[in-house]
Amino acid sequence: MRLGIDIAIAMLWLATGASLSTRTYFVFNYAAVANLPPHLEILAVPLPVLSILILVIVTLLAIRYSQPLAQSSKSTTQSLLPWDWFARVCLVFASLPLILLITRTPTAATSDIGISNPFGASFWWEPILFAGFTGIATYSIFRSNVHLEATGKTSQQKQSSLRTDFDLSQHDGRQPILSSHRTSFLVLCIATLACSGWWYWQSIRMFSEFQLGFNDFGHFLLRVIRTTRGQGLLIESPVLPAFWDHFNPGLLLLVPLWSLWPQAELVFALQAISLAGSAILIYGIAKRRGHSPIGSLCWGLGWLAYPSIGQMNLAYTYGWHPITLAIPCLLLAYYLFILGRWPLAIAAALLASSFEEGAVAAIGAFAFARAAQSLWENRCKINASASA
């Protein structure tokens, strides 16, 4: 019975992901358009997307199989797909877009962007709901201690096991290929170089084929060009003051680089390196947080595979935007922060803010969260000492 329920939920989740992958999503104004009739969306899933969805399900199973099941008192049938009920409920909620698909009716209405919806209305928040509940379910599956309780481990051993789930050498004595940080870091460097090259080529091709739409790429770069020519300090136009729309004095760092390479390819290369190279910093942060070499590698590869990072390379047809240069600076600031190097961390945060004032919001949110955490911890300590 339990096995049948788990298989049904897994198939429901796969069908929902397949359906959502066939639609067109417009990020600029939060709109979604269905490209196929409801009964064909599930069948028309692209093979790469289907492969990724299956990989996610297999990964969830691998998380549960990361602990040996030989000592479990449950039968093999009961242990297969041993998700706890909270994870099951989350995966069902993640499949709500499929229920909306079934109830969707064709309409001749036109969306806000002037595109008709002959196959029925779709909503921009459906993939967000799908991803959100899937993430919660994944966390619940990973943290589930069903097997740990069955094997009779103590709470301290449970916490230790959760930190070494993907370290095979802890279970069967075998030494994984990626068991050292040197090897894992080398693999991540190769993936980073590959992504840098891909994103650089992508930008060059879009630029040469006149596929870049917004003007930000040009008017930000004009500030660097005119400064190089001595026509004003980061002045975009004689009729506009400096920083009339965005505060980015950090662009002065690009002036000597533009003098050496006065081509649009310069900013494309800097953007690709900034986005892909941030995976190295993610790896360092994960390592400092105590993750294993494989775990740190997964964090770095996860950064490279995250859709928003790859899409930011084109920045919704902006082409290049200074905010991409702020991202590695923010990550560097956090890395220095956990190392306890406060002056350097503050300097990196200020450098990030100099490329785009939007970085200040991220820094402020982090500072607020840290302050709230400190207040909560101090309050708990005071209450503990008072009760003692």
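Keep in mind that this is a model prediction, so the values were computed, not measured.

Chemist: So what exactly am I meant to see when it comes to the overall build of the protein here?
Modeler: The secondary structure content of the protein amounts to 19 helices and two strands. The buried share among the 388 residues of the protein stands at 38%. Within the protein, contacts between residues separated by at least 24 positions form 70% of all contacts whose residues are at least 6 apart in sequence. Accessible surface, the protein: about 21800 Å² in total, of which carbon and sulfur atoms supply 69%.

Chemist: I'm lost on the side chain of T227 in this one. Help?
Modeler: As for its placement among the helices and strands, T227 is situated in helix 12 (residues 216–228). Residue classification places T227 among the buried residues on the basis of a relative accessible area of 17%. In this structure the side chain of T227 is engaged in a polar contact, spanning 2.7 Å, whose partner is the backbone nitrogen of L234. Among all residues touching T227, those that are not within four sequence positions of it are G232, L233, L234, I235, L252 and V255.

Chemist: What's the story with the packing of aromatic side chains in this structure? I'm lost.
Modeler: Two descriptors summarise a pair of aromatic rings, namely the distance from one centre to the other and the angle between the planes of the rings. Applying the stated criterion across every chain yields a total of eleven aromatic pairs. Ring centres of F123 and W125 lie 5.4 Å apart, and the angle between their planes is 20 degrees; on these two criteria the pair is classed as stacked. Looking at W125, the relative accessible area reads 34%, which means it is partly exposed.

Chemist: What's the story with the nonpolar core in this structure? I'm lost.
Modeler: Soluble globular proteins tend to bury their nonpolar side chains together. Ranked by size, the top nonpolar core spans 21 residues in total, and within it F217, L221, V224, L254, V267 and W320 carry the most contacts. Looking at this core, the elements with two or more residues in it are helix 12, helix 13 (254–260), helix 14 (265–288), helix 17 (323–339) and helix 18 (342–355). The element contributing the most residues to this core is helix 12, with five residues. Once residues within four sequence positions are removed from consideration, W320 is found in contact with D216, F217, F220, L221, L251, L254, V267, Q271 and L325. If you look at the next biggest cluster of nonpolar residues, it comprises 18 residues, including A191, L275, L297 and W303.

Chemist: Can you help me understand the environment of R229 in this one?
Modeler: Among the structural elements, R229 can be located in the loop between helix 12 and helix 13. The exposure class of R229 is exposed, given its relative accessible area of 62%. With 30 residues separating them along the chain, R229 and S259 place their C-alpha atoms 9.2 Å apart.

Chemist: What exactly am I supposed to notice about unusual backbone geometry here?
Modeler: In terms of backbone geometry, most residues other than glycine have negative phi values and most peptide bonds are trans. For L234, which is not glycine, the phi dihedral falls at a positive 55 degrees. Here L234 lies in the loop between helix 12 and helix 13. At F243, a position not held by glycine, the phi torsion is positive, near 60 degrees.

Chemist: Help me out: how do you make sense of the packing of helix 17 against helix 18 in this one?
Modeler: The description of two packed helices rests on the angle between their axes and on the distance between the axes. Taken N-terminus to C-terminus, the directions of helix 17 and helix 18 make an angle of 165 degrees; their axes are 8 Å apart at the nearest point. Taken as axis vectors, helix 17 and helix 18 run roughly antiparallel relative to one another. The chirality of how helix 17 crosses helix 18 is left-handed. On helix 18, the residues touching L325, A326, C329, L330, L332, A333, L336 and F337 of helix 17 are W342, L344, A345, A348, A349, L351, A352 and F355.

Chemist: Whenever I open this one, the packing of helix 11 (residues 181–208) against helix 14 confuses me. Can you help?
Modeler: Remark: helix 11 packs on helix 14, axes separated minimally by 8 Å, with the N-to-C direction vectors making an angle of 155 degrees. The angle between helix 11 and helix 14 places the two elements in the roughly antiparallel class. As helix 11 runs across helix 14, the sense of the crossing is right-handed. For the contact of helix 11 with helix 14, the residue count by class is 17 nonpolar, six polar and two charged.

Chemist: Please explain the pattern of salt bridges as it appears in this structure.
Modeler: Any two side chains of opposite charge can pair, on the condition that their charged atoms come close. Applying the stated criterion across every chain, the model contains five salt bridges. Residue E41 pairs with R23 through a salt bridge whose shortest N-O separation is 3.3 Å. Highlighted residues: E41 in helix 2 (residues 38–41) and R23 in the loop between helix 1 (2–20) and strand 1 (24–26), separated in sequence by 18 residues. For E41, a relative accessible area of 0% translates into the label buried.

Chemist: Quick question: what am I supposed to make of helix 11 here?
Modeler: Residue pairs three or four apart in sequence face the same way in an α-helix, which turns once every 3.6 residues. Taking 1.5 Å per residue, 28 residues should reach 40 Å; helix 11 reaches 40 Å between its end C-alpha atoms and fits that length. Turning to helix 11, its buried residues number three or more, namely S184, L188, A191, T192, C195, S196, W199, Q202 and S203. Those residues of helix 11 that are buried are in contact with helix 14, helix 15 (293–305) and helix 16 (307–312). Directly beyond the C-terminal end of helix 11, a positive phi value near 55 degrees is found at F210.

Chemist: How do you make sense of helix 15 when you look at a structure like this?
Modeler: Between the first and last C-alpha of helix 15 there are 18 Å, a value that for 13 residues agrees with the 18 Å anticipated at 1.5 Å per step. P293, G295, S296, L297, G300, W303 and L304 are the residues of helix 15 that are buried. Lining the buried residues of helix 15 we find helix 11, helix 14, helix 16 and helix 17.

Chemist: It is not clear to me how the environment of L270 should be interpreted in this structure. Could you clarify?
Modeler: By the secondary structure assignment, L270 is in helix 14. Spatially, the C-alpha atoms of L270 and T324 are 8.8 Å apart, while their sequence positions differ by 54 residues. Those residues in contact with L270, other than ones at most four positions away along the chain, are L254, L257 and L325.

What counts and what doesn't
Residues numbered from 1 in each chain as written. Predicted model: local features only at pLDDT ≥ 70, side-chain atom pairs only at ≥ 80, totals over all residues. Heavy atoms only, no water. Helix = DSSP H or I, 4+ residues; strand = E, 2+ residues; numbered from the N terminus. Buried < 20%, exposed > 50% of the residue type's maximum accessible area, 1.4 Å probe, protein only. Contact = heavy atoms within 4.5 Å. Areas by Shrake-Rupley, 256 points an atom, 1.4 Å probe, with all protein chains shown as cover. Polar contact = N/O pair within 3.5 Å; in protein donor to acceptor, adjacent residues only side chain to side chain. Phe/Tyr/Trp six-rings, centres within 6.5 Å; stacked < 30°, edge-to-face > 60°. Core = buried A, V, L, I, M, F, W, Y, C linked by side-chain atoms within 4.5 Å. Axes fitted to C-alpha atoms, helices over the stretch in contact; angles between N-to-C directions. Parallel < 35°, antiparallel > 145°, perpendicular 65-115°, else oblique. Left-handed = near helix turned anticlockwise from the far one by under 90°. Nonpolar A, V, L, I, M, F, W, Y, C, P; charged D, E, K, R; others polar. Salt bridge = Lys/Arg side-chain N within 4 Å of Asp/Glu carboxyl O. Expected span 1.5 Å × (residues − 1).

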